Amino acid sequence: MATVPSYTPSIWVRLCHALPRLDLTMQMRDNAFTPDSWEYQQTLLVLSSFSAIALILSLLVVLSFLIHYCCCHRGDSGNASDEEEEDDDASGGHGYSGRKGRGICCVTWVSVAAVTLCCVAIGVGFYGNSEANDGMYQLTSSLLTANYTLASIDLLVSDTVSGLQQSISGPLTSMEDLFTGNKPALVSTRSCRRLSERVVSLLSSLTLGRGLVLTDGATGNGSDAIIGMLTPAPPSIAPTLTPASAPPGPFSPGWAANTLMVNEDYRWLSYVLLLLLDLVVCLFILLGLAKQARWLLILMTVLAWLALFLSWGSLGLETATVVALSDFCTDPNTFVLNSTNFNTGTSTDILDYYLTCSRRMNSPFQQLLTQSQRALSSIHSHLSNLERDALPRFPKAERSLRDVQQILNSTEGNFHQLVALLNCRGLNKDYIDSLKGLCYDGMEGLLYLSLYSFLSALAFTAILCSLPGAWRSFASDSEDYEDSDSESEDPFTSHQARRQTAMGSQRGALPPFYSYQGAGWTPPFSSAPPLPTPNASSNGNPGYESLPLIDRQSPPPSYSPSMLTGYGGSQSNPNPAHSRNLYSR
(Lines give C-alpha, C1' and ligand atoms only; values in the text may rest on other atoms or scores of the structure.)
Protein backbone atom coordinates (compact mmCIF):
# COMPACT_ATOMS: atom_id res chain seq x y z
CA MET A 1 0.00 0.00 0.00
CA ALA A 2 1.54 3.27 -1.16
CA THR A 3 1.10 6.13 1.25
CA VAL A 4 0.02 9.59 0.18
CA PRO A 5 1.63 12.56 1.96
CA SER A 6 -0.78 14.91 3.79
CA TYR A 7 -3.58 12.36 3.55
CA THR A 8 -4.62 9.84 6.20
CA PRO A 9 -7.83 7.76 6.08
CA SER A 10 -10.30 8.95 8.67
CA ILE A 11 -11.61 6.77 11.48
CA TRP A 12 -14.95 6.39 9.67
CA VAL A 13 -13.15 5.11 6.59
CA ARG A 14 -11.24 2.56 8.66
CA LEU A 15 -14.36 1.41 10.52
CA CYS A 16 -16.41 0.94 7.35
CA HIS A 17 -13.48 -0.77 5.64
CA ALA A 18 -13.23 -3.24 8.52
CA LEU A 19 -16.79 -4.52 8.01
CA PRO A 20 -16.88 -8.22 7.08
CA ARG A 21 -17.75 -9.01 3.46
CA LEU A 22 -19.97 -11.89 2.44
CA ASP A 23 -20.97 -12.90 -1.06
CA LEU A 24 -24.26 -14.46 -2.10
CA THR A 25 -22.99 -17.89 -1.01
CA MET A 26 -22.23 -16.51 2.49
CA GLN A 27 -18.46 -16.89 2.06
CA MET A 28 -15.94 -14.34 3.26
CA ARG A 29 -14.38 -12.12 0.59
CA ASP A 30 -11.54 -9.65 0.42
CA ASN A 31 -12.33 -5.98 1.01
CA ALA A 32 -10.00 -4.64 -1.68
CA PHE A 33 -11.63 -2.08 -3.95
CA THR A 34 -12.22 -3.87 -7.25
CA PRO A 35 -15.51 -2.50 -8.64
CA ASP A 36 -15.24 -4.51 -11.87
CA SER A 37 -15.13 -7.81 -9.99
CA TRP A 38 -18.40 -9.77 -9.65
CA GLU A 39 -17.33 -11.11 -6.26
CA TYR A 40 -16.88 -7.57 -4.95
CA GLN A 41 -20.25 -6.51 -6.34
CA GLN A 42 -21.86 -9.46 -4.52
CA THR A 43 -20.52 -8.19 -1.20
CA LEU A 44 -22.13 -4.79 -1.84
CA LEU A 45 -25.43 -6.46 -2.74
CA VAL A 46 -25.39 -8.43 0.50
CA LEU A 47 -24.80 -5.26 2.54
CA SER A 48 -27.60 -3.47 0.70
CA SER A 49 -29.97 -6.37 1.33
CA PHE A 50 -30.01 -5.58 5.06
CA SER A 51 -32.13 -2.51 4.34
CA ALA A 52 -34.58 -4.72 2.43
CA ILE A 53 -34.81 -7.02 5.46
CA ALA A 54 -35.44 -4.00 7.69
CA LEU A 55 -38.19 -2.86 5.30
CA ILE A 56 -39.89 -6.25 5.58
CA LEU A 57 -39.73 -6.07 9.37
CA SER A 58 -41.23 -2.57 9.31
CA LEU A 59 -44.08 -3.78 7.13
CA LEU A 60 -44.75 -6.67 9.51
CA VAL A 61 -44.85 -4.33 12.50
CA VAL A 62 -47.23 -1.93 10.78
CA LEU A 63 -49.41 -4.82 9.60
CA SER A 64 -49.65 -6.20 13.14
CA PHE A 65 -50.81 -2.83 14.46
CA LEU A 66 -53.38 -2.52 11.69
CA ILE A 67 -54.76 -5.97 12.53
CA HIS A 68 -54.90 -4.95 16.18
CA TYR A 69 -56.91 -1.79 15.40
CA CYS A 70 -59.21 -3.38 12.84
CA CYS A 71 -59.99 -6.73 14.49
CA CYS A 72 -59.32 -6.54 18.21
CA HIS A 73 -61.11 -3.22 18.81
CA ARG A 74 -64.20 -4.41 16.96
CA GLY A 75 -65.12 -6.76 19.81
CA ASP A 76 -64.52 -4.08 22.41
CA SER A 77 -67.01 -1.62 20.90
CA GLY A 78 -70.03 -3.22 22.66
CA ASN A 79 -68.44 -3.15 26.08
CA ALA A 80 -67.28 0.38 25.54
CA SER A 81 -70.85 1.56 24.74
CA ASP A 82 -72.23 -0.07 27.92
CA GLU A 83 -69.68 1.64 30.13
CA GLU A 84 -69.70 4.98 28.33
CA GLU A 85 -72.12 6.73 30.69
CA GLU A 86 -70.25 5.62 33.80
CA ASP A 87 -66.92 6.64 32.27
CA ASP A 88 -68.34 10.06 31.39
CA ASP A 89 -69.28 10.65 35.02
CA ALA A 90 -65.79 9.59 36.13
CA SER A 91 -64.10 11.82 33.57
CA GLY A 92 -65.67 14.97 34.94
CA GLY A 93 -67.70 15.73 31.82
CA HIS A 94 -64.82 16.44 29.43
CA GLY A 95 -66.42 14.45 26.62
CA TYR A 96 -64.18 11.34 26.60
CA SER A 97 -64.20 8.33 28.83
CA GLY A 98 -61.34 7.85 31.24
CA ARG A 99 -59.88 4.78 29.59
CA LYS A 100 -60.59 6.10 26.11
CA GLY A 101 -59.06 9.45 27.00
CA ARG A 102 -55.90 7.82 28.21
CA GLY A 103 -55.68 5.77 25.01
CA ILE A 104 -56.20 8.84 22.82
CA CYS A 105 -53.53 10.75 24.74
CA CYS A 106 -51.04 7.90 24.37
CA VAL A 107 -51.64 7.52 20.62
CA THR A 108 -51.43 11.26 20.04
CA TRP A 109 -48.17 11.65 21.93
CA VAL A 110 -46.65 8.67 20.12
CA SER A 111 -47.53 10.34 16.82
CA VAL A 112 -46.09 13.66 17.96
CA ALA A 113 -42.87 11.97 19.15
CA ALA A 114 -42.53 10.15 15.83
CA VAL A 115 -43.04 13.38 13.90
CA THR A 116 -40.43 15.10 16.08
CA LEU A 117 -37.96 12.30 15.36
CA CYS A 118 -38.71 12.68 11.66
CA CYS A 119 -38.01 16.42 11.83
CA VAL A 120 -34.68 15.73 13.54
CA ALA A 121 -33.84 13.24 10.78
CA ILE A 122 -34.72 15.85 8.15
CA GLY A 123 -32.29 18.31 9.73
CA VAL A 124 -29.55 15.67 9.72
CA GLY A 125 -30.37 14.92 6.08
CA PHE A 126 -30.05 18.54 4.99
CA TYR A 127 -26.66 18.78 6.71
CA GLY A 128 -25.44 15.52 5.18
CA ASN A 129 -26.62 16.52 1.71
CA SER A 130 -24.73 19.81 2.01
CA GLU A 131 -21.56 18.06 3.21
CA ALA A 132 -21.67 15.53 0.37
CA ASN A 133 -22.19 18.33 -2.13
CA ASP A 134 -19.22 20.25 -0.73
CA GLY A 135 -17.03 17.16 -1.03
CA MET A 136 -18.04 16.57 -4.64
CA TYR A 137 -17.49 20.24 -5.44
CA GLN A 138 -13.95 20.05 -4.05
CA LEU A 139 -13.34 16.87 -6.03
CA THR A 140 -14.52 18.35 -9.32
CA SER A 141 -12.61 21.59 -8.72
CA SER A 142 -9.39 19.63 -8.15
CA LEU A 143 -9.99 17.57 -11.29
CA LEU A 144 -10.58 20.71 -13.35
CA THR A 145 -7.41 22.28 -11.97
CA ALA A 146 -5.42 19.16 -12.82
CA ASN A 147 -6.98 19.14 -16.28
CA TYR A 148 -5.92 22.77 -16.76
CA THR A 149 -2.37 21.91 -15.71
CA LEU A 150 -2.20 19.00 -18.13
CA ALA A 151 -3.71 21.09 -20.91
CA SER A 152 -1.11 23.79 -20.24
CA ILE A 153 1.66 21.18 -20.53
CA ASP A 154 0.20 20.00 -23.81
CA LEU A 155 -0.03 23.58 -25.10
CA LEU A 156 3.58 24.38 -24.20
CA VAL A 157 4.86 21.18 -25.77
CA SER A 158 2.89 21.68 -28.97
CA ASP A 159 3.95 25.36 -29.27
CA THR A 160 7.62 24.50 -28.70
CA VAL A 161 7.60 21.63 -31.18
CA SER A 162 5.77 23.64 -33.86
CA GLY A 163 8.14 26.60 -33.41
CA LEU A 164 11.27 24.49 -33.75
CA GLN A 165 9.84 22.69 -36.78
CA GLN A 166 9.08 26.05 -38.34
CA SER A 167 12.64 27.23 -37.74
CA ILE A 168 14.04 24.02 -39.27
CA SER A 169 11.97 24.23 -42.41
CA GLY A 170 12.30 27.98 -42.87
CA PRO A 171 15.16 30.16 -41.59
CA LEU A 172 17.72 27.39 -41.02
CA THR A 173 17.21 26.03 -44.53
CA SER A 174 17.68 29.53 -45.97
CA MET A 175 20.86 30.00 -43.93
CA GLU A 176 22.28 26.73 -45.22
CA ASP A 177 21.76 27.94 -48.77
CA LEU A 178 23.44 31.25 -47.99
CA PHE A 179 26.42 29.72 -46.16
CA THR A 180 27.28 27.21 -48.88
CA GLY A 181 30.66 28.78 -49.57
CA ASN A 182 31.63 29.21 -45.91
CA LYS A 183 32.34 25.86 -44.31
CA PRO A 184 32.54 26.99 -40.61
CA ALA A 185 29.23 28.86 -40.93
CA LEU A 186 27.64 25.93 -42.76
CA VAL A 187 28.78 23.53 -40.03
CA SER A 188 27.31 25.76 -37.30
CA THR A 189 24.02 26.07 -39.21
CA ARG A 190 23.74 22.31 -39.70
CA SER A 191 24.54 21.80 -36.01
CA CYS A 192 21.66 24.13 -35.12
CA ARG A 193 19.39 22.16 -37.43
CA ARG A 194 20.46 18.85 -35.91
CA LEU A 195 20.03 20.07 -32.33
CA SER A 196 16.60 21.51 -33.13
CA GLU A 197 15.49 18.17 -34.50
CA ARG A 198 16.84 16.55 -31.33
CA VAL A 199 14.78 18.89 -29.11
CA VAL A 200 11.69 18.20 -31.21
CA SER A 201 12.21 14.47 -30.79
CA LEU A 202 12.70 14.75 -27.03
CA LEU A 203 9.68 16.97 -26.44
CA SER A 204 7.50 14.82 -28.70
CA SER A 205 8.23 11.86 -26.45
CA LEU A 206 7.22 13.91 -23.40
CA THR A 207 3.76 12.46 -22.85
CA LEU A 208 1.85 11.19 -19.84
CA GLY A 209 -0.19 8.85 -22.00
CA ARG A 210 2.32 6.98 -24.03
CA GLY A 211 0.74 4.31 -26.18
CA LEU A 212 -2.71 5.88 -26.44
CA VAL A 213 -5.17 4.48 -28.93
CA LEU A 214 -6.58 7.30 -31.05
CA THR A 215 -9.95 7.43 -32.76
CA ASP A 216 -8.58 6.27 -36.10
CA GLY A 217 -7.04 3.16 -34.53
CA ALA A 218 -3.44 4.36 -34.80
CA THR A 219 -1.15 4.42 -31.81
CA GLY A 220 -0.15 7.93 -30.81
CA ASN A 221 3.36 8.70 -29.64
CA GLY A 222 3.62 12.43 -29.89
CA SER A 223 1.75 15.65 -29.49
CA ASP A 224 -1.34 14.12 -31.11
CA ALA A 225 -1.46 11.51 -28.38
CA ILE A 226 -1.18 14.21 -25.73
CA ILE A 227 -3.95 16.23 -27.34
CA GLY A 228 -6.19 13.16 -27.42
CA MET A 229 -5.57 12.51 -23.73
CA LEU A 230 -5.80 16.03 -22.32
CA THR A 231 -8.63 17.61 -24.28
CA PRO A 232 -11.66 17.81 -21.94
CA ALA A 233 -15.09 16.85 -23.15
CA PRO A 234 -17.65 19.68 -23.37
CA PRO A 235 -20.02 19.83 -20.39
CA SER A 236 -23.06 19.41 -22.63
CA ILE A 237 -21.88 16.04 -23.95
CA ALA A 238 -23.00 13.19 -21.74
CA PRO A 239 -20.75 10.15 -21.34
CA THR A 240 -21.58 7.34 -23.72
CA LEU A 241 -21.01 3.65 -23.23
CA THR A 242 -18.58 2.03 -25.65
CA PRO A 243 -18.90 -1.57 -26.79
CA ALA A 244 -16.97 -4.18 -24.85
CA SER A 245 -14.80 -4.97 -27.88
CA ALA A 246 -13.69 -1.36 -28.28
CA PRO A 247 -10.44 -0.33 -26.58
CA PRO A 248 -10.77 1.90 -23.51
CA GLY A 249 -10.66 5.59 -24.23
CA PRO A 250 -8.04 7.93 -22.77
CA PHE A 251 -8.67 9.21 -19.28
CA SER A 252 -9.46 12.91 -19.11
CA PRO A 253 -9.82 14.75 -15.78
CA GLY A 254 -12.02 17.31 -17.51
CA TRP A 255 -14.44 14.65 -18.75
CA ALA A 256 -14.49 13.04 -15.31
CA ALA A 257 -15.20 16.41 -13.63
CA ASN A 258 -18.04 17.25 -16.02
CA THR A 259 -19.62 13.82 -15.57
CA LEU A 260 -19.39 14.03 -11.79
CA MET A 261 -20.90 17.52 -11.73
CA VAL A 262 -23.92 16.43 -13.77
CA ASN A 263 -24.50 13.35 -11.61
CA GLU A 264 -24.01 15.34 -8.41
CA ASP A 265 -26.61 17.89 -9.48
CA TYR A 266 -29.17 15.13 -9.97
CA ARG A 267 -28.23 13.49 -6.66
CA TRP A 268 -28.46 16.74 -4.71
CA LEU A 269 -31.82 17.62 -6.24
CA SER A 270 -33.22 14.13 -5.56
CA TYR A 271 -32.31 14.32 -1.88
CA VAL A 272 -33.75 17.83 -1.54
CA LEU A 273 -37.06 16.63 -2.99
CA LEU A 274 -37.06 13.62 -0.66
CA LEU A 275 -36.36 15.81 2.36
CA LEU A 276 -39.10 18.25 1.38
CA LEU A 277 -41.54 15.36 0.98
CA ASP A 278 -40.75 14.13 4.49
CA LEU A 279 -41.06 17.65 5.88
CA VAL A 280 -44.45 18.23 4.24
CA VAL A 281 -45.74 14.89 5.53
CA CYS A 282 -44.62 15.67 9.09
CA LEU A 283 -46.08 19.18 9.15
CA PHE A 284 -49.44 18.10 7.75
CA ILE A 285 -49.62 15.19 10.19
CA LEU A 286 -49.28 17.68 13.04
CA LEU A 287 -51.94 19.85 11.41
CA GLY A 288 -54.27 16.89 11.04
CA LEU A 289 -53.81 15.91 14.67
CA ALA A 290 -54.49 19.47 15.81
CA LYS A 291 -57.57 19.92 13.61
CA GLN A 292 -58.70 16.30 14.04
CA ALA A 293 -59.15 16.03 10.25
CA ARG A 294 -59.52 12.42 9.21
CA TRP A 295 -59.20 13.05 5.47
CA LEU A 296 -55.90 14.89 5.94
CA LEU A 297 -54.45 12.12 8.09
CA ILE A 298 -55.54 9.48 5.58
CA LEU A 299 -53.81 11.38 2.77
CA MET A 300 -50.66 11.81 4.86
CA THR A 301 -50.74 8.10 5.68
CA VAL A 302 -50.52 7.28 1.97
CA LEU A 303 -47.56 9.65 1.58
CA ALA A 304 -45.97 8.19 4.70
CA TRP A 305 -46.04 4.76 3.06
CA LEU A 306 -44.21 6.22 0.06
CA ALA A 307 -41.68 7.95 2.31
CA LEU A 308 -41.10 4.69 4.21
CA PHE A 309 -40.19 2.80 1.04
CA LEU A 310 -37.97 5.63 -0.18
CA SER A 311 -36.16 5.85 3.17
CA TRP A 312 -35.28 2.16 3.32
CA GLY A 313 -34.34 2.15 -0.37
CA SER A 314 -32.03 5.15 -0.02
CA LEU A 315 -30.46 3.53 3.04
CA GLY A 316 -29.53 0.47 0.96
CA LEU A 317 -27.90 2.60 -1.74
CA GLU A 318 -26.06 4.70 0.83
CA THR A 319 -24.77 1.62 2.64
CA ALA A 320 -23.26 0.19 -0.53
CA THR A 321 -21.80 3.58 -1.50
CA VAL A 322 -20.27 4.19 1.94
CA VAL A 323 -18.62 0.76 2.04
CA ALA A 324 -17.26 1.05 -1.51
CA LEU A 325 -15.98 4.55 -0.83
CA SER A 326 -14.26 3.41 2.36
CA ASP A 327 -12.51 0.64 0.42
CA PHE A 328 -11.27 3.15 -2.15
CA CYS A 329 -10.18 5.77 0.40
CA THR A 330 -8.20 3.20 2.40
CA ASP A 331 -5.77 2.62 -0.48
CA PRO A 332 -6.49 5.06 -3.32
CA ASN A 333 -3.08 4.84 -5.01
CA THR A 334 -3.40 1.16 -5.85
CA PHE A 335 -6.68 1.62 -7.68
CA VAL A 336 -5.54 4.79 -9.47
CA LEU A 337 -2.30 3.17 -10.60
CA ASN A 338 -4.02 0.06 -11.92
CA SER A 339 -6.96 1.76 -13.61
CA THR A 340 -4.96 4.61 -15.16
CA ASN A 341 -2.25 2.24 -16.37
CA PHE A 342 -4.92 0.06 -17.96
CA ASN A 343 -6.81 2.94 -19.58
CA THR A 344 -3.94 5.08 -20.87
CA GLY A 345 -0.85 2.89 -20.79
CA THR A 346 1.02 5.51 -18.77
CA SER A 347 4.18 4.33 -17.08
CA THR A 348 3.76 3.27 -13.47
CA ASP A 349 6.85 5.28 -12.50
CA ILE A 350 5.32 8.47 -13.85
CA LEU A 351 2.04 7.88 -12.04
CA ASP A 352 3.74 6.97 -8.80
CA TYR A 353 5.87 10.10 -9.04
CA TYR A 354 2.83 12.37 -9.27
CA LEU A 355 0.67 10.46 -6.76
CA THR A 356 3.27 10.27 -3.98
CA CYS A 357 5.60 13.20 -4.85
CA SER A 358 8.31 11.93 -2.53
CA ARG A 359 11.58 13.83 -2.17
CA ARG A 360 13.48 10.61 -2.51
CA MET A 361 12.05 10.05 -5.98
CA ASN A 362 13.62 11.67 -9.02
CA SER A 363 11.48 13.06 -11.79
CA PRO A 364 11.09 10.58 -14.67
CA PHE A 365 11.47 13.56 -17.03
CA GLN A 366 14.73 14.81 -15.52
CA GLN A 367 17.02 13.25 -18.11
CA LEU A 368 14.80 14.33 -20.99
CA LEU A 369 14.60 17.89 -19.74
CA THR A 370 18.35 18.04 -19.11
CA GLN A 371 19.14 16.91 -22.66
CA SER A 372 16.68 19.41 -24.11
CA GLN A 373 18.15 22.23 -22.03
CA ARG A 374 21.67 21.39 -23.19
CA ALA A 375 20.53 21.24 -26.82
CA LEU A 376 18.89 24.66 -26.55
CA SER A 377 22.03 26.10 -24.95
CA SER A 378 24.16 24.68 -27.78
CA ILE A 379 21.85 26.18 -30.38
CA HIS A 380 22.13 29.54 -28.65
CA SER A 381 25.95 29.30 -28.69
CA HIS A 382 26.04 28.43 -32.41
CA LEU A 383 23.75 31.33 -33.26
CA SER A 384 26.01 33.71 -31.29
CA ASN A 385 29.04 32.52 -33.26
CA LEU A 386 27.19 32.96 -36.56
CA GLU A 387 26.14 36.45 -35.58
CA ARG A 388 29.72 37.39 -34.67
CA ASP A 389 31.64 35.72 -37.55
CA ALA A 390 29.39 35.04 -40.53
CA LEU A 391 26.89 37.86 -40.42
CA PRO A 392 29.38 40.64 -41.43
CA ARG A 393 30.33 38.59 -44.52
CA PHE A 394 26.77 37.50 -45.37
CA PRO A 395 24.42 40.43 -44.58
CA LYS A 396 21.56 38.72 -46.42
CA ALA A 397 21.43 36.05 -43.67
CA GLU A 398 20.62 38.62 -40.99
CA ARG A 399 16.85 38.30 -41.34
CA SER A 400 16.93 34.52 -41.17
CA LEU A 401 19.28 34.63 -38.20
CA ARG A 402 16.97 37.06 -36.33
CA ASP A 403 13.99 34.77 -36.96
CA VAL A 404 15.85 31.77 -35.56
CA GLN A 405 16.90 33.74 -32.48
CA GLN A 406 13.34 34.90 -31.89
CA ILE A 407 12.04 31.33 -32.12
CA LEU A 408 14.81 30.19 -29.80
CA ASN A 409 13.91 32.83 -27.17
CA SER A 410 10.23 31.84 -27.17
CA THR A 411 11.24 28.19 -27.01
CA GLU A 412 13.40 28.79 -23.95
CA GLY A 413 10.57 30.68 -22.22
CA ASN A 414 8.13 27.85 -22.90
CA PHE A 415 10.72 25.35 -21.76
CA HIS A 416 11.12 27.00 -18.34
CA GLN A 417 7.35 27.03 -17.84
CA LEU A 418 7.22 23.41 -18.90
CA VAL A 419 9.83 22.45 -16.31
CA ALA A 420 7.79 24.15 -13.57
CA LEU A 421 4.54 22.47 -14.63
CA LEU A 422 6.14 19.04 -14.85
CA ASN A 423 7.12 19.25 -11.19
CA CYS A 424 5.03 16.89 -9.06
CA ARG A 425 3.94 19.43 -6.46
CA GLY A 426 1.13 21.00 -8.48
CA LEU A 427 -0.56 17.82 -9.67
CA ASN A 428 0.01 16.09 -6.35
CA LYS A 429 -1.72 18.95 -4.52
CA ASP A 430 -4.72 18.57 -6.82
CA TYR A 431 -4.74 14.83 -6.17
CA ILE A 432 -4.64 15.28 -2.39
CA ASP A 433 -7.38 17.94 -2.51
CA SER A 434 -9.60 15.61 -4.50
CA LEU A 435 -8.99 12.79 -2.00
CA LYS A 436 -9.83 15.06 0.93
CA GLY A 437 -13.00 16.26 -0.71
CA LEU A 438 -14.15 12.76 -1.56
CA CYS A 439 -12.95 10.83 1.50
CA TYR A 440 -13.48 13.47 4.19
CA ASP A 441 -16.46 15.68 3.31
CA GLY A 442 -18.05 13.21 0.91
CA MET A 443 -17.73 10.31 3.33
CA GLU A 444 -19.08 12.36 6.22
CA GLY A 445 -22.01 13.55 4.14
CA LEU A 446 -22.92 10.00 3.11
CA LEU A 447 -22.81 8.85 6.73
CA TYR A 448 -25.16 11.65 7.77
CA LEU A 449 -27.47 10.76 4.88
CA SER A 450 -27.45 7.13 6.03
CA LEU A 451 -28.37 8.26 9.54
CA TYR A 452 -31.17 10.39 8.11
CA SER A 453 -32.57 7.48 6.12
CA PHE A 454 -32.49 5.18 9.16
CA LEU A 455 -34.13 7.69 11.53
CA SER A 456 -36.79 8.70 9.01
CA ALA A 457 -37.61 5.05 8.33
CA LEU A 458 -38.07 4.42 12.06
CA ALA A 459 -40.15 7.58 12.42
CA PHE A 460 -42.48 6.71 9.55
CA THR A 461 -42.87 3.18 10.90
CA ALA A 462 -44.02 4.62 14.23
CA ILE A 463 -46.27 7.12 12.45
CA LEU A 464 -47.98 4.40 10.41
CA CYS A 465 -48.52 2.38 13.59
CA SER A 466 -50.07 5.26 15.56
CA LEU A 467 -52.10 7.22 13.00
CA PRO A 468 -54.91 4.62 12.59
CA GLY A 469 -55.55 4.70 16.32
CA ALA A 470 -55.51 8.50 16.25
CA TRP A 471 -58.13 9.00 13.55
CA ARG A 472 -60.40 6.28 15.01
CA SER A 473 -60.62 8.29 18.23
CA PHE A 474 -61.71 11.50 16.47
CA ALA A 475 -65.38 12.40 16.92
CA SER A 476 -67.32 13.03 13.72
CA ASP A 477 -69.33 16.16 13.04
CA SER A 478 -72.67 14.40 13.64
CA GLU A 479 -71.56 13.37 17.12
CA ASP A 480 -70.56 16.91 17.93
CA TYR A 481 -73.89 18.50 17.04
CA GLU A 482 -76.48 15.76 17.40
CA ASP A 483 -78.00 17.12 20.66
CA SER A 484 -77.44 20.83 20.11
CA ASP A 485 -80.02 23.51 19.22
CA SER A 486 -78.42 25.90 16.76
CA GLU A 487 -81.02 28.65 17.28
CA SER A 488 -80.62 29.01 21.04
CA GLU A 489 -76.89 28.30 21.45
CA ASP A 490 -74.17 30.84 21.83
CA PRO A 491 -72.14 30.82 18.58
CA PHE A 492 -68.94 31.42 20.56
CA THR A 493 -69.40 28.36 22.73
CA SER A 494 -66.90 25.57 21.96
CA HIS A 495 -67.89 22.13 20.75
CA GLN A 496 -66.83 20.55 24.02
CA ALA A 497 -69.08 22.88 26.01
CA ARG A 498 -71.97 22.04 23.70
CA ARG A 499 -71.45 18.36 24.26
CA GLN A 500 -71.43 18.96 28.02
CA THR A 501 -74.71 20.87 27.81
CA ALA A 502 -76.27 18.17 25.66
CA MET A 503 -75.26 15.39 28.04
CA GLY A 504 -76.52 17.40 31.00
CA SER A 505 -79.95 17.81 29.38
CA GLN A 506 -80.15 14.06 28.74
CA ARG A 507 -79.52 13.20 32.40
CA GLY A 508 -82.36 15.46 33.59
CA ALA A 509 -82.90 19.15 34.16
CA LEU A 510 -80.98 20.69 36.98
CA PRO A 511 -83.03 22.29 39.79
CA PRO A 512 -83.71 25.97 39.17
CA PHE A 513 -81.37 28.46 40.65
CA TYR A 514 -84.27 30.22 42.45
CA SER A 515 -87.59 28.58 43.15
CA TYR A 516 -89.49 31.18 45.10
CA GLN A 517 -92.74 33.04 44.52
CA GLY A 518 -92.62 36.56 43.27
CA ALA A 519 -89.30 36.36 41.62
CA GLY A 520 -90.43 38.95 39.13
CA TRP A 521 -91.29 41.57 41.84
CA THR A 522 -89.63 44.94 41.69
CA PRO A 523 -89.62 47.56 44.43
CA PRO A 524 -92.21 50.31 43.79
CA PHE A 525 -89.76 53.10 44.42
CA SER A 526 -86.85 51.82 42.32
CA SER A 527 -85.39 54.39 39.96
CA ALA A 528 -83.68 51.78 37.74
CA PRO A 529 -85.50 50.35 34.71
CA PRO A 530 -87.15 47.04 35.43
CA LEU A 531 -85.16 43.97 34.52
CA PRO A 532 -86.61 41.56 31.96
CA THR A 533 -88.81 38.93 33.54
CA PRO A 534 -87.67 35.41 32.55
CA ASN A 535 -90.12 33.13 30.86
CA ALA A 536 -91.49 30.38 32.94
CA SER A 537 -90.35 26.93 32.08
CA SER A 538 -92.60 23.97 31.45
CA ASN A 539 -92.61 22.92 35.15
CA GLY A 540 -93.72 26.34 36.35
CA ASN A 541 -90.33 27.55 37.55
CA PRO A 542 -88.71 30.66 36.15
CA GLY A 543 -86.17 29.85 33.44
CA TYR A 544 -83.09 31.32 35.04
CA GLU A 545 -81.01 28.38 33.99
CA SER A 546 -81.32 29.42 30.35
CA LEU A 547 -80.00 32.93 31.03
CA PRO A 548 -76.41 34.02 31.55
CA LEU A 549 -75.44 34.66 35.15
CA ILE A 550 -75.05 38.39 34.67
CA ASP A 551 -78.71 38.78 33.50
CA ARG A 552 -80.34 36.96 36.45
CA GLN A 553 -82.33 39.05 39.00
CA SER A 554 -81.27 39.21 42.60
CA PRO A 555 -83.79 37.89 45.19
CA PRO A 556 -86.18 40.47 46.76
CA PRO A 557 -85.10 41.93 50.11
CA SER A 558 -86.62 40.59 53.30
CA TYR A 559 -88.48 43.17 55.40
CA SER A 560 -89.19 42.90 59.11
CA PRO A 561 -92.59 44.00 60.54
CA SER A 562 -91.01 47.12 62.07
CA MET A 563 -89.56 48.11 58.72
CA LEU A 564 -92.92 47.57 57.03
CA THR A 565 -94.67 49.73 59.70
CA GLY A 566 -92.11 52.49 59.32
CA TYR A 567 -92.33 52.37 55.57
CA GLY A 568 -96.14 52.61 55.66
CA GLY A 569 -96.14 55.48 58.15
CA SER A 570 -93.85 57.58 56.04
CA GLN A 571 -96.19 57.64 53.03
CA SER A 572 -98.15 60.82 52.26
CA ASN A 573 -101.38 58.92 51.82
CA PRO A 574 -101.08 56.10 54.23
CA ASN A 575 -103.14 53.09 53.46
CA PRO A 576 -102.41 50.27 55.87
CA ALA A 577 -104.59 47.83 53.97
CA HIS A 578 -102.81 48.52 50.78
CA SER A 579 -99.45 48.02 52.44
CA ARG A 580 -100.46 44.73 53.89
CA ASN A 581 -101.75 43.60 50.54
CA LEU A 582 -98.56 44.70 48.83
CA TYR A 583 -96.12 42.89 51.13
CA SER A 584 -98.20 39.91 51.99
CA ARG A 585 -96.99 37.96 49.03
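Residues numbered from 1 in each chain as written. Predicted model: local features only at pLDDT ≥ 70, side-chain atom pairs only at ≥ 80, totals over all residues. Heavy atoms only, no water.

Enquirer: Run through the pattern of salt bridges, naming residues and quoting values.
Expert: Scanning the model with the defined rule gives eight salt bridges in all. Arginine 402 is the salt-bridge partner of glutamate 387, the closest N and O atoms lying 2.8 Å from each other. You can see glutamate 387 sitting in helix 13 (residues 366-390) and its partner arginine 402 sitting in helix 14 (residues 398-421), a full 15 residues away along the chain. The class of glutamate 387 is partly exposed, set by a relative accessible area of 30%. On the basis of relative accessible area, arginine 402 is assigned to the partly exposed category, the value being 35%. Close ionic contact of aspartate 389 with arginine 388 constitutes a salt bridge, the shortest N to O distance being 3.5 Å. Relative accessible area serves as the criterion here: at 53%, arginine 388 is assigned to the exposed category. (Salt bridge = Lys/Arg side-chain N within 4 Å of Asp/Glu carboxyl O. Helix = DSSP H or I, 4+ residues; strand = E, 2+ residues; numbered from the N terminus. Buried < 20%, exposed > 50% of the residue type's maximum accessible area, 1.4 Å probe, protein only.)

Enquirer: Before we move on, could you go through the state of the cysteines and cite the residues and values that matter?
Expert: Taken as a whole, this structure holds two disulfides when the rule is applied. In this model cysteine 329 forms its disulfide with cysteine 439; the gap between the sulfur atoms is 2.0 Å. Residues cysteine 329 and cysteine 439 share a disulfide whose torsion about the S-S bond is about -85°; that sign makes it left-handed. Remark: cysteine 439 occurs in helix 15 (residues 424-472) and cysteine 329 occurs in helix 10 (residues 294-330); sequence separation between them is 110 residues. The disulfide partner of cysteine 357 is cysteine 424, and the gap between their sulfur atoms is 2.1 Å. Between cysteine 357 and cysteine 424, the disulfide has an S-S torsion of 60° and is therefore right-handed. Here cysteine 357 is found in the loop between helix 12 (348-356) and helix 13, whereas its partner cysteine 424 is found in helix 15, with 67 residues between them in sequence. (Disulfide = S-S within 2.5 Å.)

Enquirer: Go over the confidence of the model for the protein chain with me, naming the residues and quoting the values.
Expert: When the pLDDT values of the protein chain are averaged, the result is 74; 65% of them are 70 or greater. Element-level pLDDT for the protein chain is lowest in strand 1 (residues 212-213), with a mean of 31, against a maximum mean of 92 in helix 10. Confidence over residues 477-495 falls short of pLDDT 50; this stretch has 13 contacts with residues more than four positions distant or in other chains. Note that residues 534-541 has pLDDT below 50 and, in this model, 12 contacts with residues that lie over four places away or in other chains. (pLDDT = per-residue confidence, 0-100. Contact = heavy atoms within 4.5 Å.)

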